[in-house]
Amino acid sequence: MSDMPLTGASPSAITAPRSFQEIILRLQSYWAAKGCAILQPYDMEVGAGTFHPATTLRSLGTKPWAAAYVQPSRRPTDGRYGENPNRLQHYYQYQVIIKPSPPDLQDLYLGSLRAIGLDPALHDIRFVEDDWESPTLGAWGLGWEVWCDGMEVSQFTYFQQVGGHDCRPVSGELTYGLERLAMYVLGVDHVMTMPFNDPASPIPLTYGDIFRQTEEEYSRHNFDGADTAQLLRHFEDAEAECDRLLGFPPEDPKTGKRIIMAHPAYDQTIKASHLFNLLDARGVISVTERQAYIGRVRALAKKCADAFRQTEAGADAEGVSA
Amino acid sequence: MPDLLIELFSEEIPARMQARARADLQKLVTDGLVEAGLTYASAAAFSTPRRLTLAIEGLTAESRPVREERKGPNTSAPAQAVEGFLRSTGLSLEQLEKRADKKGEVYFAVIERPGRRAPEIIADVLDATIRNFPWPKSMRWGSGSLRWVRPLHSILCLLSDEGGAEVVPLSVDGIASGNTTRGHRFLSPGVFSVTNFDDYAAKLKRAHVVLDSAEREAAIWHDAQTLAFAAGLEVVEDRALLTEVAGLVEWPVPLMGRIGDDFLGLPPEVLQTSMREHQKFFSVKNPKTGRIEGFVTVANTITADHGATILKGNQKVLAARLSDAKFFWENDLRVAKSGMAEWADGLKMAEWADGLKAVTFHNKLGSQSDRIARIAALAREIAPMVGADPDLAERAARLAKLDLRSAMVGEFPELQGLMGMYYARAAGEPDAVANAARDHYSPLGPSDAVPTDPVSVAVALADKIDTLTGFWAIDEKPTGSKDPFALRRAALGVIRLVLGNGASTEISTKLITHLDIVLSDIAMTARRQAQQSGGDFMVAIGQALKEVDGIQVPVTILDLLAFLHDRLKVFLKDQGIRHDVIDACLAMPGNDDLPLLVKRATALQATLQTEDGANLVAGFKRANNILTQAEQKDGVEYSYGADPKFAETDEERALFAALDHADALIAPAMKTEDFATAMQAMATLRAPIDAFFTATQINTDNQIVRRNRLNLLHRIRTICLSVADLTKLDG
């Protein structure tokens, strides 16, 4: 069908970014210009940007919300000692979360691709069905993986449920796998050779200059070094602490205010989830136990979601939900 | 007569849902219109990734007025009854008519419904259709409460005739209907209005949208073939992929690329699966060598560089994917060559066999490794019955599932078995063993081919019998529509394997011996779990065996046999054998020997299709009824030998002779399982039995003669029932 007249060519050429960090910076400016609060990464080990309370907790309740941030993410089982061109146990996700999801979210998203040099007039951008589910967060949504020339560059999800609660209104969530996306934009074949800062800088640094050694160290740690008995204890501790924090009465005797410790409890959920991932990487969790551990983390996530719904930030507009 | 055009424009609809959604839209709207009193000449539904469209031609402009009369309660009825009638009719008391009736004066409601204009009806029907659309999965978005497959953006709803077009006004959750739509997301992003279906389809095409999925499929297939042909290659046909890809694009542009030389050594199935599952590429093969050498990807856009950037990107993604696959393949081959054969010989544990110990097959039934050991033992035992070498069958069973631990099957589960064959071959195993790895999962569905190589048959049977026995032992049987372990499929597999290969297996004995093995594995598994959790071994084992109700071995086996018989009935019904014929044969001894059962049923069905056969059944039933009644009345069983010397009529004597004659034929025929001969002989009894009943009264005053005749009927019963349980037959 290529004999039809060509219309809708790109209005203006977009300059190609030159480094990993430039792609991040462009995404930051783009989403800042679209009105998102540009947050900083959450200061805990998480498996994905979704775990940031700015997404999980803030997608609950009716209060409008718009945030974007980079989130360093850890998947201990994906460690390959820095040798695999695409796999890392520590990587970056770019996360955008907007509540309620705006009607033009797809167009906003496509604008962000243009901003980093992926011009839809030259590339084949496709929305391919991919339903998202996080068994540990008790969350699911419908959406797509976005393909650029056959490669998955983002995950696009309309949250339907988080922590067992229906999302009303619905949040729209965008997740960009930054390394993979940047490698494609920059035409790099191995993540470790990717320019991190501008290659023309006085001190040019590649991704490998910064992360090859840590990938080695953490791969060894994740697969062989981590003390499994201690990790198991810490898992139990995190679980118990989460419960304990949520067991306090809402009224704080010192200030006389209603202070529910939803966020500190949720930190323990994040901790438990990461400890589970480490235990999984160490190969000490059997197939049957696996489901049970996931269920335990999900139970924590649900309790935290319940608690957050009782707070001001997570309440419905007409007041604190029952 | 006006035409109706509806378009529901949304964000990208999953490709796999589009065909069903087209049909649902057409049915829901047309049914709704017809129910409301409109008629139409024709309707057609279309879909692209972003729209569902329905075009209806020749719709009536309004519904006819309807006058309905309903009889209500008596005018003296209690107030509640009258109120109820008013509610159901929507009328007030003054509007009711009083009419004289047999039982006095009765209220009558005369309800006149005026004809409604089509737009009103359409608005109602479309509103209800959108709100209740049966998407397999639907969602909410923004602050709205409407559910659709993905956010719904606009509704086009237009009635048009020669005089012009009018928008049918409606509003669903804030989305108001209109006469506008959009073209291709990137190539023609503007909004435009349309006046009727032809205008709509033509403008869409100008805006880079091919509305009809069949047209997109045809274009993709044509262009893909042209590209391949020009390079001396051909596209591998894949209907399902074609439909899926056509559901992913509004403006299909096939592009062809080559697979790097590095990857051409991969098995063709691996190339095809990887390209299809991950990238939705068609495979392109070289007709001379049969090798997969290229791919066709279908882009959704045209670019200034004629797709060069798109193709380059796709090629890069493919190379990364295939590098993974190649790594898996080479690694797997190394494992296969290094230890697989030795493991099968019992000398050395191969890496995979070891790994399968850690893979739980089922919480109560142990690991995959336990399961393989059971299947191997059973395959060895079944081997002689299907003409396989027991050593080879056992060896094949031990190797058949090792590929579950291979990296390739980890990545592409659908290649299980097939990779097993490649790896077994690489390990130097004989073809029979390698092929059993590939074929032992078969038959997977009712139309899937049944393996015929004896070694494959033995392993395939053992695999399925182990599944059935295992899940029966732990009481995880299919219920209603739920069959999570595909046990119905396994049972049908057993039936087809046995019948398709003429194997004579008395299944019940196999099930019983195998259940023993399964139970011991259940006990072992419980013991292992107790060991891990520090529990008491004996308590755990006792508990496990108590829970599985497997202590009652005969009950479990009988229940499983009944299940197999149920599946056999379904299977034979599909083959045209009557259900009552199957029941008549199932009631006979040896009913766990499936080929015997089928032989008997086939012969019986053939006999019943002859006039003699059909009439014989009537004669048999008459004899049986008279005899049963007499036995109940007299409280005795008439099973003494009837004596011809008490025979009074010629017909009676003739029947004695006929029974002697039939007996002499049937008894030896049954011994050799020659049901056809036995049943033919049985059918010859029809004439003498009919003649006997016509000429002879059973109940005479002479008690000796009566008893003798009843005993004669008993001979009919015995002879007929020795062939099949004719009492189970209909009619």
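All figures in this text were calculated on a predicted structure; none of them were measured in a lab.

**Topic: the overall build of chain B**
Inference 1: Each helix and strand in chain B was counted, giving 26 helices and 18 strands.
Inference 2: In summary, chain B has a C-alpha radius of gyration of 36 Å against a globular reference of 27 Å for 731 residues, an excess of more than 25%.
Inference 3: Its C-alpha atoms give chain B principal-axis dimensions of about 105 × 100 × 60 Å.
Inference 4: Counting over 731 residues, chain B shows a buried share of 52%.
Inference 5: Contacts in chain B between residues at least 24 apart in sequence constitute 68% of all its contacts with a sequence separation of at least 6.
Inference 6: Of the roughly 32,500 Å² that chain B leaves accessible, carbon and sulfur atoms contribute 52%.
Inference 7: Taken together, the 83 basic and 97 acidic charged side chains of chain B have centroids lying 3 Å from each other.

**So, the packing of aromatic side chains**
Inference 1: Scanning the entire structure with this criterion turns up 34 aromatic pairs over all chains.
Inference 2: Both rings, one in Tyr207(A) and one in Phe211(A), keep their centres 4.9 Å apart while their planes meet at 45°; by these two values the pair is tilted. One end of the pair, Tyr207(A), and the other, Phe211(A), are both in helix H5 (residues 207–225), 4 residues apart, so they sit about a helical turn from each other.
Inference 3: Geometrically, the ring pair formed by Phe46(B) and Phe197(B) is stacked, given 5.4 Å between the ring centres and 20° between the ring planes. Of this pair, Phe46(B) sits in strand S2 (residues 42–48) while Phe197(B) sits in helix H4 (residues 197–206), and the two are 151 residues apart along the sequence.
Inference 4: For Phe46(B), a relative accessible area of 12% translates into the label buried.
Inference 5: Through a chain of ring-to-ring contacts, three or more aromatic side chains come together here, namely Tyr94(A), Tyr109(A), Phe127(A), Trp144(A), Phe156(A), Tyr158(A) and Tyr176(A).
Inference 6: Between Arg74(A) and the ring centre of Tyr218(A), over which it is positioned, the NZ or CZ distance is 5.1 Å.
Inference 7: The ring of Phe108(B) is capped by Arg99(B), whose NZ or CZ atom sits 4.4 Å from the centre of that ring.

**Comments concerning the confidence of the model for chain B**
Inference 1: Here chain B shows a mean pLDDT of 87. Residues at 70 or above account for 93%.
Inference 2: Reported for the predicted complex are a pTM of 0.76 and an ipTM of 0.91.

**Here we look at the interface of chain A and chain B**
Inference 1: Listed as interface residues are 47 residues of chain A and, on the opposing side, 51 residues of chain B.
Inference 2: For the interface between chain A and chain B, the tally reads 5 salt bridges.
Inference 3: The partner of Arg150(B) in a salt bridge is Asp131(A), with the nearest N and O atoms 3.3 Å apart.
Inference 4: One can count 16 residue pairs in polar contact (both at pLDDT 80 or more) joining chain A with chain B.
Inference 5: Listing elements by their share of the side of chain A that touches chain B, those giving two or more residues are helix H3 (105–115), strand S4 (125–129), strand S6 (139–148), strand S7 (151–162), helix H4 (178–186) and helix H8 (287–309) of chain A.
Inference 6: For the side of chain A that touches chain B, the element with the most residues is S4(A), which contributes 5 residues.
Inference 7: The residue makeup of the side of chain A that touches chain B, split by class, is 25 nonpolar, 12 polar and 10 charged.

**Details of the packing of helix H22 (residues 611–634) of chain B against helix H26 (residues 703–721) of chain B**
Residue and element names in this part refer to chain B.
Inference 1: Between H22 and H26, the least distance of the axes is 9 Å, while the angle of their chain directions is 125°. Taken as axis vectors, H22 and H26 run oblique relative to one another. As H22 runs across H26, the sense of the crossing is left-handed. Between H22 and H26, the contacting residues are Phe620, Ala623, Asn624, Ile626, Leu627, Thr628, Ala630, Glu631, Lys633 and Asp634 on the first element and Arg706, Leu710, Leu713, His714, Ile716, Arg717, Cys720 and Leu721 on the second.
Inference 2: When grouped by side-chain class, the residues that make up the contact of H22 with H26 number 10 nonpolar, 3 polar and 5 charged.

**Overview of the sheet that holds strand S15 (residues 282–285) of chain B**
Residue and element names in this part refer to chain B.
Inference 1: If you walk across this open sheet you meet the 4 strands as S13-S15-S16-S14, and the pairing is antiparallel. Taken across any chain shown, the strands that pair with only one partner, and hence form the sheet edges, are strand S13 (234–235) and strand S14 (253–258).
Inference 2: Relative to S15, S13 runs antiparallel, the two being bridged by 2 bridges. Bridge pairing links Val235 to Val284 in S15.
Inference 3: Taken strand by strand, helix H7 (residues 268–279) contacts S15 and strand S16 (292–299), and its axis lies near 10° from that of S16.

**A short note on the confidence of the model for chain A**
Parts of the prediction with low pLDDT should not have their coordinates interpreted in detail.
Inference 1: When the pLDDT values of chain A are averaged, the result is 91; 93% of them are 70 or greater.
Inference 2: Across residues 1–12 of chain A the pLDDT falls below 50, and counting only partners more than four positions away or on other chains, this stretch makes 26 contacts in the model.

**A short note on the pattern of salt bridges**
All names here are of chain B.
Inference 1: A complete count under the given rule lists 61 salt bridges over all chains for this structure.
Inference 2: Taking the shortest distance from any N to any O, the salt bridge between Glu429 and Arg395 comes out at 2.7 Å. Of this pair, Glu429 sits in the loop between helix H13 (418–426) and helix H14 (431–439) while Arg395 sits in helix H11 (residues 390–400); the two residues are 34 residues apart in sequence, bridging distant segments of the chain. By the burial criterion, Glu429 is buried, and Arg395 matches it.
Inference 3: Two residues, Lys645 and Asp643, come together in a salt bridge whose shortest N-O distance is 3.8 Å.
Inference 4: You can call Asp643 partly exposed: its relative accessible area is 26%.
Inference 5: Sharing partners across several salt bridges, the network here consists of Arg67, Glu69, Glu97, Arg99 and Glu112.

**Focus on H26(B)**
Along an α-helix, a turn takes 3.6 residues, which lines up residues three or four apart on a common side.
Residues and elements named next belong to chain B.
Inference 1: The terminal C-alpha atoms of H26 lie 27 Å apart, and with 19 residues this matches the ideal 27 Å at 1.5 Å per residue to within 8%.
Inference 2: Most of H26 sits inside the fold, with 14 of its 19 residues counted as buried.
Inference 3: Looking at where H26 begins, the residue whose side-chain oxygen comes 2.9 Å from the main-chain nitrogen of Ile704 is Asn702.

**Side note on the sheet that holds strand S5 (residues 97–101) of chain B**
Residues and elements named next belong to chain B.
Inference 1: Within the open sheet, the 3 strands sit side by side as S4-S6-S5. Their pairing is antiparallel. A single partner strand is all that each edge strand has here, and the edge strands are strand S4 (66–74) and S5. Averaged over all neighbouring strand pairs, the angle between strand axes comes to 35°, with direction disregarded.
Inference 2: In this structure, S5 lies alongside strand S6 (residues 104–113), joined through 5 bridges in antiparallel fashion. The partner of Arg99 across the bridge, within S6, is Val106.

**Some words on the nonpolar core**
Inference 1: Within the largest apolar cluster, 146 residues are counted, with the highest numbers of intra-cluster contacts made by Ile259(B), Met408(B), Met419(B), Leu468(B), Leu604(B), Ile666(B) and Leu713(B).
Inference 2: Here the element with the most residues in this core is helix H15 (residues 454–473) of chain B; it accounts for 12 residues.
Inference 3: With near-sequence residues (within four places) excluded, Met419(B) lies in contact with Pro267(B), Val270(B), Trp329(B), Asp403(B), Met408(B) and Val409(B).
Inference 4: By size, the runner-up hydrophobic cluster in this structure holds 88 residues, among which are Ala68(A), Leu186(A), Val149(B) and Val317(B).

**A word on the packing of helix H23 (residues 650–671) of chain B against helix H24 (residues 675–683) of chain B**
Residues and elements named next belong to chain B.
Inference 1: Closest axis-to-axis distance for the H23/H24 pair is 8 Å, and the angle between their directions is 160°. As judged from the angle between their axes, H23 and H24 are roughly antiparallel. For the crossing formed where H23 meets H24, the hand is left-handed. Packed against H23, whose contacting residues are Ala662, Leu665, Ile666, Ala669 and Met670, the element H24 presents Phe675, Thr677, Ala678, Ala681 and Met682 at the interface.

**Let's talk about a nonpolar patch on the surface**
Inference 1: Residues Ile203(A), Leu205(A) and Ile210(A) make up a contiguous nonpolar surface patch of about 250 Å² in total accessible area.
Inference 2: You can see Ile203(A) is positioned in the loop between H4 and H5.

**Notes on the pairing of S14(B)**
Residues and elements named next belong to chain B.
Inference 1: With respect to burial, S14 is a largely interior element, 5 of its 6 residues being buried.
Inference 2: Two strands pair when backbone bridges link them, and S14 and S16 are joined in this way by 6 bridges, in the antiparallel orientation. In the strand pairing of S16, Val253 is matched with Ala299.

**Describing the environment of Leu726(B)**
All names here are of chain B.
Inference 1: Along the chain, the position of Leu726 falls in the segment after H26.
Inference 2: Here Leu726 falls in the buried class, since its relative accessible area comes to 0%.
Inference 3: Spatially, the C-alpha atom of Leu726 lies 57 Å from that of Ile13, the residues being 713 residues apart in sequence.
Inference 4: Those residues in contact with Leu726 that lie beyond four places of it in its chain are Leu604, Phe620, Lys621, Met682, Cys720 and Leu721.

**Some remarks on unusual backbone geometry**
Inference 1: With an omega of -5°, the peptide bond between Lys99(A) and Pro100(A) qualifies as cis.
Inference 2: As for its position among the elements, Pro100(A) is in the loop between strand S3 (90–99) and H3.
Inference 3: Here the amide bond leading from Arg168(A) into Pro169(A) is cis, since omega sits at 0°, within 30 degrees of zero.
Inference 4: On the secondary structure map, Pro169(A) appears in the loop between strand S8 (165–166) and strand S9 (172–177).
Inference 5: Unusually for a residue other than glycine, His306(B) sits at a positive phi of about 55°.

Parameters and conventions
- Residues numbered from 1 in each chain as written.
- Chains lettered and ligands numbered in written order.
- Predicted model: local features only at pLDDT ≥ 70, side-chain atom pairs only at ≥ 80, totals over all residues.
- Heavy atoms only, no water.
- Helix = DSSP H or I, 4+ residues; strand = E, 2+ residues; numbered from the N terminus.
- Rg over C-alpha atoms; globule rule 2.2 N^0.38 Å.
- Buried < 20%, exposed > 50% of the residue type's maximum accessible area, 1.4 Å probe, protein only.
- Contact = heavy atoms within 4.5 Å.
- Areas by Shrake-Rupley, 256 points an atom, 1.4 Å probe, with all protein chains shown as cover.
- Lys, Arg positive; Asp, Glu negative; His and termini not counted.
- Charge placed at Lys NZ, Arg CZ, Asp CG, Glu CD.
- Phe/Tyr/Trp six-rings, centres within 6.5 Å; stacked < 30°, edge-to-face > 60°.
- Lys NZ or Arg CZ within 6 Å of the ring centre and 35° of its normal.
- pLDDT = per-residue confidence, 0-100.
- Salt bridge = Lys/Arg side-chain N within 4 Å of Asp/Glu carboxyl O.
- Polar contact = N/O pair within 3.5 Å; in protein donor to acceptor, adjacent residues only side chain to side chain.
- Nonpolar A, V, L, I, M, F, W, Y, C, P; charged D, E, K, R; others polar.
- Axes fitted to C-alpha atoms, helices over the stretch in contact; angles between N-to-C directions.
- Parallel < 35°, antiparallel > 145°, perpendicular 65-115°, else oblique.
- Left-handed = near helix turned anticlockwise from the far one by under 90°.
- Pairing = 2+ DSSP bridges.
- Expected span 1.5 Å × (residues − 1).
- Core = buried A, V, L, I, M, F, W, Y, C linked by side-chain atoms within 4.5 Å.
- Patch = residues over 30% accessible without salt bridge, like charges linked within 9 Å, V, L, I, M, F, W, Y side chains within 5 Å.

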